[in-house]
Amino acid sequence: MINIELNDCRIGLLGGDARNLFYIPALQQAGATVRAVGFEKAVGLLPCEVMEFNEVLSWANVLILPMGGTGPDGSISAQFSDQPLFLAREHGCVTRPDLLVLTGVARPYLKDLAQKNGWRLVEIADIDDLAILNSIPSAEGALQMAMEASDITIHHSNSFVLGFGRCGTTLARSLAGLGASVTVAARKPADLARIWESGYTAVPFTELAYHVPKADLIFNTAPALILTESLLQLTRPDVVIIDIASAPGGVDFGAAERLGRKAILAPSLPGRVAPRSAGQMLGRLLPRIIKENLTGGKKDHESSR
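Residues numbered from 1 in each chain as written. Predicted model: local features only at pLDDT ≥ 70, side-chain atom pairs only at ≥ 80, totals over all residues. Heavy atoms only, no water.

1. Considering the pattern of salt bridges
Selection rule: Any Lys or Arg side-chain nitrogen found within 4 Å of a carboxyl oxygen on Asp or Glu counts as a salt bridge. Secondary structure elements are defined from DSSP: runs of H or I of at least 4 residues count as helices, runs of E of at least 2 residues count as strands, and each element is numbered from the N terminus. Whether a residue is buried, partly exposed or exposed follows from its accessible area with a 1.4 Å probe, protein chains only, as a fraction of its type maximum: under 20%, in between, or over 50%, in that order.
Tallied over the full model, the rule gives 15 salt bridges. In this structure, Lys 111 engages Glu 123 in a salt bridge whose closest nitrogen and oxygen atoms are separated by 3.9 Å. Placement of the pair is Lys 111 in helix α3 (residues 108-117) and Glu 123 in strand β8 (residues 120-123), with a sequence separation of 12 residues. The class of Lys 111 is partly exposed, set by a relative accessible area of 36%. One salt bridge connects Glu 229 with Arg 258, and the closest N-O pair in it is separated by 3.1 Å. Placement of the pair is Glu 229 in helix α8 (residues 229-232) and Arg 258 in helix α9 (residues 253-259), with a sequence separation of 29 residues. The exposure class of Glu 229 is partly exposed, given its relative accessible area of 31%. Residue classification places Arg 258 among the exposed positions, given a relative accessible area of 57%. Here the salt bridges do not stand alone but share partners, grouping Arg 89, Asp 112 and Lys 116 into one network.

Structure, rendered in structure tokens:
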């Protein structure tokens, strides 16, 4: 790992989950000072000081939000707090104008807030090396949920993966390793060719209706509505669907409920099923991402445009 110095960084963590416990030491080893909000129930576990919300906002030159960013009302997920956290519009007058804000995925509310206050907003979930590493606990968590929700083995199952991005690729390989018959749906001809080359059954999304009735297990990784009511009607009554795409997911969950299909939305799996591994992965990459964006390095990661 390249030695990266963050000696002038004052990093504030706003909410989050158990992953924070495992990446804070890496930031501190790089020289950063770290303070956190929303960890009252983990004071004995958290390797940094817990501060009040406004104190952190006025003190920090870097803020790290949960991977899910904020809700449409500015709410921030905080696993270790009973108090609701909100990043409100009036907080802009408290922060530095050149504040660097990191999150996994930013929704319109946070993007608008960053633009109005001059913050540099960076969405890290789509950075290649982070997304590839995150696909490991995501895939394992999806398999765990499928095994708990189904009454069959993955071995010899007809397992479908919707999408062949970083997570879909890892998931398809994991399913095949467990002995499943793997079908992968994708849009791009290049992806379909790679799916076939990898030994899986390749299906264009436009032809999914002809194949989905065979599925025992369906894993959606595509961040768009794929399993519409018309497709769900074609699935087996005992199918198990695990949706690991970002909320709201790629499944019509209302239709699934009406049809009696078992469909589970499972975002943020790394923090839920393997927080130590996922946190340590973040610890390997966050110092570099922060350094690049504080020094005006790679602008292609910046999302406040």
